[in-house]
Amino acid sequence: MQVLYLLIETIVKCGVVFACLMLSVAYLTWLERKVLGHIQIRFGPNRCGPFGLLQPFSDGIKAFFKEDLVPGRADKPVFVLAPMISIIAAISMFAVIPFGDRFTLPWTDYVVKLRIADIDIGLLYVFGVASLGEFGIVLGGWSSGNKYGLTGSLRAAAQMISYEVALGLSIVGVIILSQSLRLTEIVALQAGGFWNWNILYQPAAFVFFIICALAEINRTPFDMPESESELACGFNIEYSSMKFALFFMAEYAHMITVAAVAVTLFLGGWQAPLPQLDFIPGVFWFGAKLFVIIFFFIWQRGTFPRLRYDQIMKFGWKVLFELTLVNIFITALIVLLKG
Amino acid sequence: MIIPLLKGLAFTLGRFFSRPITIQYPEVKAPPAERWRGIQYFEKDEQGKTKCVACGLCMAVCPSQCIYIETAEDEEGRRYPLVYELDATRCIFCGFCEEACPVNAILMGKTYEWVERARAPFLMNTEKLLEEKKYNP
């Protein structure tokens, strides 16, 4: 009976999280266009429903009715598989993110923990699956039989290798502090107010993590794989219809997940910033912090130009890599001296 | 290196909270420029008729040859256009007709949006050109 309850609970949680994630992805595209619009002193989408709120659905319907084209020179199975890999990796990353504490079902004593899976190597899982997502981009560009696509995926591969190193190293400081890879434990250690958040103990690591995360999700300043001006869209140049929409959704889902990881590791996850505010559910705080990070992602996109390819490589290997190493050494030294 | 990046972020955030300068076109229309050349109209004389004397200068000067005039004379021997046709689909809005007109009968208006489903309504005659006056106060 207990197993059955657990099964039902997991399925319901999966459904809810998936629905919320997809809805957030839809409205993230709206938010991005709105924020970019206001940064450029214009309105952004405002024709489709009040404040353009129906725009994501209009876009979805449009993408659905477009012709699904597979180029003749494409490697068809890989071409079809690539967007699926992208979206699956982006969504499944969210499985280990703790987005709230726990609540008891009303009229029963059944406790529901607000996370889908609480595995002890949660952080490893996140980074493993995150790099899997890049395979979708690499394979997609490579299999479409197009020089721009191929160049885009080459750049994606190079960028992934360079920035994954710094990304992995930037969170080692957090792991040293919390001595755990389990995300719930990392969050639990940051309880009791914002002065316990990891961002105060690892500020440099947070900055490095955000920079590497931007490179990881192929966002402007680091959107090499799809640099519009040189590659005319890069890896997804031959994709149309829902396949393109899948890539698009994967990109935004990836963005949400990376922001969620940043919130979990550095901003105290679902913990309230002040102990007095604990009565507000953790999901709210999680969402609020997520919004702040995502807003920063969009804001900096509207601000910074794209870096040149060699600048990105130079920055990744000659600056970020060293800085994250130095950060680890300093953190380890302080932890060692404190005993 | 970091200070300019932060400056840029502050600038865009300021822009984000400023009012958009967009003119939302179908609801709000930007006034056309002072010397804007739109659809032509006829200036009226005291009796509300056209001032055109059918000299044919506009027909002669029109580079796209969209003006066609047939001349007639009234009882007092004054010339007037029996037929004045201006094909608005062919007009290139160069404004030569306005410049050529010796009596300032035809003038360039301000109208810049005109959509029809057929070609026939674009063929403007004297009445239509006189009616166009009300859009150009």
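It should be noted that the structure appears before, not after, this text.
Residues numbered from 1 in each chain as written. Chains lettered and ligands numbered in written order. Predicted model: local features only at pLDDT ≥ 70, side-chain atom pairs only at ≥ 80, totals over all residues.

1. So, the overall build of chain B
Thinking step 1. Counting secondary structure elements, chain B contains 4 helices and 5 strands.
Thinking step 2. Moving toward the C terminus, one meets the helices and strands of chain B in the order α-β-α-β-β-α-β-β-α.
Thinking step 3. At 23 Å, chain B has a C-alpha radius of gyration far larger than the 14 Å of a compact globule built from 137 residues.
Thinking step 4. Projected onto its principal axes, the C-alpha positions of chain B cover 85 × 30 × 30 Å. (Helix = DSSP H or I, 4+ residues; strand = E, 2+ residues; numbered from the N terminus. Rg over C-alpha atoms; globule rule 2.2 N^0.38 Å.)

2. Here's the deal with the interface of chain B and chain A
Thinking step 1. Taken together, the contacts link 10 residues of chain B with 11 residues of chain A.
Thinking step 2. For the side of chain B that touches chain A, the residue count by class is 5 nonpolar, 4 polar and 1 charged. (Contact = placed C-beta atoms within 7 Å. Nonpolar A, V, L, I, M, F, W, Y, C, P; charged D, E, K, R; others polar.)

3. What about the pairing of strand β2 (residues 67–73) of chain B?
Residues and elements named next belong to chain B.
Thinking step 1. Two strands pair when backbone bridges link them, and β2 and strand β3 (residues 79–87) are joined in this way by 7 bridges, in the antiparallel orientation. Residue tyrosine 68 lies in a different strand from β3, and its bridge partner there is glutamate 85.
Thinking step 2. Here β2 folds back onto β3, and the loop between the two strands holds 5 residues, one of which, glycine 77, carries a positive phi near 85°. (Pairing = 2+ DSSP bridges.)

4. What to know about the packing of helix α4 (residues 122–143) of chain A against helix α5 (residues 147–170) of chain A
All names here are of chain A.
Thinking step 1. Following both chains from N to C, one finds α4 and α5 inclined at 165°, their axes separated by 7 Å at the closest point. Considering their axes alone, α4 and α5 lie roughly antiparallel with respect to each other. Taken as a pair, α4 and α5 cross one another with a handedness that is left-handed. Counting all contacts with α4, which are made through Phe127, Ser131, Glu134, Ile137, Val138, Gly140, Gly141 and Trp142, the residues of α5 involved are Gly149, Leu150, Gly152, Ser153, Ala156, Ala157, Met160, Glu164 and Gly168.
Thinking step 2. Its residues assigned to classes, the contact of α4 with α5 shows 8 nonpolar, 7 polar and 2 charged. (Axes fitted to C-alpha atoms, helices over the stretch in contact; angles between N-to-C directions. Parallel < 35°, antiparallel > 145°, perpendicular 65-115°, else oblique. Left-handed = near helix turned anticlockwise from the far one by under 90°.)

5. As for the packing of helix α11 (residues 241–266) of chain A against helix α12 (residues 282–301) of chain A
Each packed pair of helices is defined by two parameters, the angle between the axes and the distance between the axes.
Residue and element names in this part refer to chain A.
Thinking step 1. It is at 9 Å that the axes of α11 and α12 come closest, and there the two elements cross at 120°. In this view, α11 runs oblique relative to α12, as classed from their interaxial angle. As α11 runs across α12, the sense of the crossing is right-handed. Between α11, through Met255, Ile256, Ala259, Ala260, Ala262 and Val263, and α12, the contact on the second element is made entirely by Phe286, Lys289, Leu290, Ile293, Ile294 and Phe297.
Thinking step 2. Residues that form the contact of α11 with α12 fall into these classes: 11 nonpolar, no polar and 1 charged.

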